[in-house]
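Take a look at the letters that make up each chain.
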Amino acid sequence: NLSRHGALTGVSMTEATSTPESKEERAKAVEDHMKSKAEWDTWYRRLTWLHYSMGSISIALSAFAASGLMRDIPNDFWKQLILLVSAITIALLTFWRPGERADRYRAAWAMLGNQIDRYLAKEADADSVRRTCEYGEAIVRFTAPIAMPSIRGGDNPNPDPGQKSN
């Protein structure tokens, strides 16, 4: 069974977070969400690596192309190839936005990790973990802002646990 972000979870998000009857079911629900969190962490690391790798290549080739060293290359083919690779890496960085995508994956896994911790501490219910996971999926798909609205209700996104909602 595939979740919306492509992770193989074995159970749907609704099944994984329905109110568990036993400690085993509760542990299974947390395990399923931890798989999503781990996948988002992996994508964060990959995209960060891609961002810095392509950025470094773009900077080096652009600096080389702009320097006087290009005139020392006797063959026009190599000059054109350097300029082409430089242009392609810059265009791909602009199009893919790996840095921004990495930030979204990081925000999603951090948010889900915090909600799982609250769930394990019995400060949150299973439904709030499911909603946080769904919101994390929306963040990584660019269909939701990184700042998550309150999952407990009310207007305050970070209410004090002892504070009563209006």
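Residues numbered from 1 in each chain as written. Predicted model: local features only at pLDDT ≥ 70, side-chain atom pairs only at ≥ 80, totals over all residues. Heavy atoms only, no water.

Draft legend 1. Highlighting the overall build of the protein. Helix and strand counts for the protein stand at 5 helices and 0 strands. If you list the helices and strands of the protein from N to C, you get α-α-α-α-α. Taking all 166 residues of the protein together, 36% fall into the buried category. (Helix = DSSP H or I, 4+ residues; strand = E, 2+ residues; numbered from the N terminus. Buried < 20%, exposed > 50% of the residue type's maximum accessible area, 1.4 Å probe, protein only.)

Draft legend 2. Spotlight on a nonpolar patch on the surface. Side chains of Ile57, Phe77, Trp78, Leu81, Leu84, Val85 and Ile88 sit close together on the surface and give an oily, nonpolar patch of about 630 Å² of accessible area. With 6 residues, the top contributor of residues to the nonpolar patch is helix H3 (residues 76–96). As for its placement among the helices and strands, Ile88 is situated in helix H3. Taking the relative accessible area as the measure of exposure, Ile88 reaches 41% and is therefore partly exposed. (Patch = residues over 30% accessible without salt bridge, like charges linked within 9 Å, V, L, I, M, F, W, Y side chains within 5 Å. Areas by Shrake-Rupley, 256 points an atom, 1.4 Å probe, with all protein chains shown as cover. Salt bridge = Lys/Arg side-chain N within 4 Å of Asp/Glu carboxyl O.)

Draft legend 3. Geometry of helix H2 (residues 23–66). With 44 residues, H2 extends 63 Å from end C-alpha to end C-alpha; this agrees with the ideal 64 Å at 1.5 Å per step. Within H2, burial applies to Ala29, Val30, Asp32, His33, Ser36, Glu39, Trp40, Asp41, Leu47, Met54, Gly55 and Ser58. (Expected span 1.5 Å × (residues − 1).)

Draft legend 4. Representation of the packing of aromatic side chains within the structure. For the structure on display, the rule yields 3 aromatic pairs. Ring geometry for Phe77 versus Trp78: centroids 5.1 Å apart, planes at 75°, classification edge-to-face. Over the aromatic face of Trp43 sits the side chain of Arg46, whose NZ or CZ is 5.1 Å from the ring centroid. One cation-aromatic arrangement involves Arg104 over Phe142; the distance from NZ or CZ to the ring centre is 4.3 Å. (Phe/Tyr/Trp six-rings, centres within 6.5 Å; stacked < 30°, edge-to-face > 60°. Lys NZ or Arg CZ within 6 Å of the ring centre and 35° of its normal.)

Draft legend 5. Quick look at the pattern of salt bridges. Considering all chains together, one arrives at 7 salt bridges under this definition. Between Lys35 and Glu31 there is a salt bridge whose closest N-O contact spans 4.0 Å. Of the two residues, Lys35 and Glu31 are both situated in helix H2; the distance of 4 residues between them amounts to about one turn of the helix. Of the charged contacts, one joins Arg45 and Asp41 as a salt bridge, the two residues approaching to 3.2 Å between their closest N and O atoms. You can see Arg45 and its partner Asp41 sitting in helix H2, 4 residues apart, about one turn around the helix. Its relative accessible area of 53% is what places Arg45 among the exposed residues. Relative accessible area serves as the criterion here: at 19%, Asp41 is assigned to the buried category.

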